Structure formats: C-alpha cells, structure tokens
Amino acid sequence: MSETLAGYALRDMLAAWLPSQRWFPGRGATVSELDIVSDVTLLDGDPQLRHLVVEAEHGAGLARFQVLLGCRGQLPPAIAPGAVLGLTPGLAVYDGLHDPELAAVLLQGIAAGRQAGPLRFVREPAARLGDWHGSRLMTAEQSNTSMVFGEAAIMKVLRRLFPGANPDLEVADALARLGSARVAAPYGWIETVIDGEPVLLAVLSEYLAQASDGWTMATRSLGRLYARQGAYGQEYLTAPVAADQAASDQAASDQRVPDQAVRDQVGGKLPFVGEARELGVATAQMHAELATAFGTRQMTGAELASLSGALTYKLAEAVALVPELGVYAPRIAAAYEEVAAIREPVAVQRIHGDYHLGQVLYSQHGWVALDFEGEPAAPLSQRRALAPAMRDVAGMLRSFDYAARHQLVGHSQRSELAAAAGAWVQQCEEAFRAGYAAGGGADPSHQATLLRALTLEKAVYEVIYEYRHRPDWGSIPLDYVAAA
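Here's a quick rundown of the structure.

Procedures and definitions
Residues numbered from 1 in each chain as written. Predicted model: local features only at pLDDT ≥ 70, side-chain atom pairs only at ≥ 80, totals over all residues. Heavy atoms only, no water. Phe/Tyr/Trp six-rings, centres within 6.5 Å; stacked < 30°, edge-to-face > 60°. Helix = DSSP H or I, 4+ residues; strand = E, 2+ residues; numbered from the N terminus. Buried < 20%, exposed > 50% of the residue type's maximum accessible area, 1.4 Å probe, protein only. Lys NZ or Arg CZ within 6 Å of the ring centre and 35° of its normal. Pairing = 2+ DSSP bridges. Salt bridge = Lys/Arg side-chain N within 4 Å of Asp/Glu carboxyl O.

Some points on the packing of aromatic side chains
Okay, so step 1: For the coordinates displayed, the defined rule picks out 10 aromatic pairs.
Okay, so step 2: Ring geometry for Phe24 and Phe65: centres 5.2 Å apart, planes at 25 degrees, overall stacked. Here Phe24, found in the loop between helix H1 (7–17) and strand S1 (33–43), pairs with Phe65, found in strand S3 (residues 61–72); they are 41 residues apart in sequence, far enough to count as distant. As far as burial versus exposure is concerned, Phe24 and Phe65 are alike and both buried.
Okay, so step 3: Centroid distance Phe400 to Phe432: 5.9 Å. Interplanar angle 70 degrees. Geometry classified as edge-to-face. You can see Phe400 sitting in helix H11 (residues 390–405) and its partner Phe432 sitting in helix H12 (residues 414–438), a full 32 residues away along the chain. As far as burial versus exposure is concerned, Phe400 and Phe432 are alike and both buried.
Okay, so step 4: Among the aromatic residues, those joined into a cluster by ring pairs are Phe272, Tyr362, Trp367, Phe400, Trp424 and Phe432.
Okay, so step 5: When the ring centre of Phe162 is taken as reference, the NZ or CZ atom of Arg383 above it lies at 5.0 Å.
Okay, so step 6: One residue, Arg398, lies across the ring of Tyr480, its end atom 4.4 Å from the ring centre.

Description of the pairing of S1
Okay, so step 1: Summarising the sheet, S1 and strand S2 (residues 48–58) pair through 9 bridges and their orientation is antiparallel. Across the sheet, Glu33 pairs through a bridge with Glu57, a residue of S2.
Okay, so step 2: The antiparallel hairpin formed by S1 and S2 contains 4 residues in its connecting segment, where Gly45 sits at a positive phi of about 110 degrees.

Details of unusual backbone geometry
Okay, so step 1: For the peptide bond that leads from Asp46 to Pro47, omega is 15 degrees, which places it in the cis range.
Okay, so step 2: In this structure, Pro47 sits in the loop between S1 and S2.
Okay, so step 3: One non-glycine residue with positive phi stands out, namely Asp371, at about 55 degrees.
Okay, so step 4: Here Asp371 lies in the loop between strand S18 (366–369) and helix H10 (380–383).
Okay, so step 5: The exposure class assigned to Asp371 is partly exposed, which follows from its relative accessible area of 23%.

So, the pattern of salt bridges
Okay, so step 1: On inspection of all chains with the given rule, the structure shows 23 salt bridges.
Okay, so step 2: Where Glu101 meets Arg72, a salt bridge forms, and the shortest distance between an N and an O atom there is 2.8 Å. You can see Glu101 sitting in helix H2 (residues 100–112) and its partner Arg72 sitting in strand S3, a full 29 residues away along the chain.
Okay, so step 3: Judged by its relative accessible area of 13%, Arg72 falls in the buried class.
Okay, so step 4: When the shortest N-O distance is used, the salt bridge between Asp168 and Lys156 registers 2.4 Å. Taken together, the residues span a long stretch of sequence, with Asp168 in helix H3 (residues 167–177) and Lys156 in strand S10 (residues 153–158) at a distance of 12 residues.
Okay, so step 5: Exposure remark for Lys156: the relative accessible area of 7% places this residue in the buried category.

Structure (structure tokens):
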C-alpha cells in the first residue's frame, strides 16, 4: 500500500496537518520545510501502520515529531476529522493512534520485545502485561498523546522528540525500583536512535483506573463552594487551618480515599483542604525518594547569585513582552535580589519540574505524580538538572490560585465570589505547606525568601503564557503579582 502514497504527497499532507495539532508548537505557525528522517513499517497490508520521524521547520525553529501513520483502503467511521491527513481514491491516511487495531501493534511490540529497524520495544522484566483488548484515546493532553489499554495500562506517545535520557521514564523508573507509591510503575517503553543519540518515543505504565486528577477534584469542590455561597457558605470562609491535623495525617498514612461528604466537612474547613494537606505530605515523600535515587547537594553562594541574576533577566524579557507587568517589576526584582543574600543552606536535587494539580492523581494509593518530563519547551539538560525542591512547591501553590480563579473569569458574580476564592486558596496553600513539612520536607516557612522568589517566577511565566495563548486569563497571574 505504501507505493500508492508518493513521498511528495505525504510531505504535503504532513505539512498541512501538523500545525493544526494541539501538540504542535506555536499558535498559527506554519511549516516552511519538512523532511521525513525515518519511515518504518510496523504493520503492512490493509490496514498499514508506518512509524515516521518528521523534521519540520516552523516559526520557532526546527523540531522533530513522531507520527504514527495509519493507511486503509477505507477510513474507519470512528476516526475523528482532525486525525485525517488526507483522502485519495482507495486510500485514507490518518493518525494511527486513533485506530485501536493499529494502536495495539505498539502494545504487542513491547510485550514481545520487538526490534523493527531502528525502533526498539523494551519490556520491564517484572512487568505483567495482560491480554488487553481495545484501546481508548485520552483527550485531555496537549503536548503528547496517551492511550488506555484494558483499563490497566496507559501508553504515552511523545509527539515532539528530544535526544537524550527523557526524565519522564528516567525518574518514574528509578522511583518505581525504590518501591515508591508516588509514581505509576513503567511496564515498558519504545525508543530509537537518531544521529547517534537515544530518543524516547513512548512509555507504557500502570493505569490508575479509579483515580481522579487533582485539577478536576479541586475545581469540582470549588464549583460546589461557589454554588452555595449565596445561601449558607459564609461561615466556611473564616475557619482557620489547624496546625495539628492528626486525622488528616492518619488519612494520608492509611492511603485511603475518604468519603466525599466527610472530606468536605472535616473540621469545618473549606472543601479540598484535607486533600491539599495530603498532597503536601505526598510531595515531600516524592522529593525524599528523588533525593535517594539521584542525590542532593547544597547550593553555593555563587549559584544563588546566579539564580538571582537569571530570574532578573527573565523578568526583563517578560516586561518587554508584557509592558503591563512593568509597574510591578521593581518589587519583583527586589524579591529576586534577596535570593543572592540567602545564607541558610539551600539543597538542590531532581524535582518534578512542571508540578501542578493536573500532574497528580488521587488514587487508592493516595496521591501519585505523573509526567516527570518537565517543561517540554525547556532544554533537556535543564529539565534533568538539580534544582531547589521549593520550585515544585511554588508550582503547586500557583495551581491552587488558578483552580480557584479561572472559574471566575467572566463570571457574573465574580466580585461576590472573590472572598470565597481567596479563602479557599489561602487554606489550601497553608494546608499544603503544613503537609509538606509534616511529610519530612524542608519547612517552607524556613525558606520563605526562596519560595517567594520562585512563586513570583512562576507567576511571571504565567503572565507571558496567558498573553500568548489565553489573554482572557491574564488577570489571574497579574492579580497575584499585584498583591504579592
């Protein structure tokens, strides 16, 4: 069947299709040049599955992408229009990950330890792979694509490819070997070699079928809180977060999912505060395991000064792009300068690197972290570098603020609900920090200077992101910066 699809026709299809995908970098970008650097047939006949590595020149430079190309004589009815690259007489060309029959070829390859040209399918020796039938595509991701097999395993297929040891597999595999309950254990992976360097293509991991992600849990809790504010919710806004929460600690150690109604009402606190504390405990445990697996060391004074300078440089870039940020720049810069003056020990270690409520699941094991890939746009060396654990803490604190305030953007009762949002954010932040200290992490209150600077760094990054992608949400980070 491959002979019926000429190379030039395929390149034209790819050049037109790639920019429309959510994982393609740059809104409105176009492909100026495109080259297929690898083309491996994994299944021949009708249907056919071809594995492509594509090199594309776009507005932000040159990037490599992975495309699993499905070809059939007739397009399956279930294939979404956005997955179709092209239709010609007698040939339908589409994203093969949308086809369960073709997606199963990847799972079978890992189970068999297959070698297909430069593609290597690897199975963890201890992994038990079942005879899972059918797959369903996850719809929430943007930078990658995931499929669930038999509600027991999930395969994340990386779309944009980078050379070197990918931290998503590297970290999850290392923690799983330590027996960590804070990661989903990898079952296997697919890799290749490009220009003499290893490149990770996909990871197959344990799927936590009954788990809920933190973002969904938090926003649903907030939805209930906002809905009841007009009737009887005011009494929830003044309840302090207790310093001693033995019941919450016990729930975290038992690693059980408590009844929703109980969680919402424990101690008269706002909903999700108990989970926020448990998440702080779990985050500290994850950081301790990362330190065991990869080591840790103290930052030098010169490194703290360098960090301060780097933050200030990024602030200047942000102000040049978003002038509205300029009015707050002197105060932000002062917070960054204080980092250089820190004299207390600051440890650096491997961290998650892109930590927020969407990257954690609440399962029967308690909180589990996902996607250790880090910020995809950052260089691999930066994503694998040692960093202060407070950077992950800062990311989660900002995520609480986003969860509360994004629902109020354009809301007709935004001013009336602002107090509820602020109280919820404050209680969740306090609970998370307390849980982190109780879980064995460095007490965030003892690293307040560093944490404030890193939280502001995250907010400045958010200002840029919203300016470029979601202007309507720009008030969320700007309001935080204004009040910080």
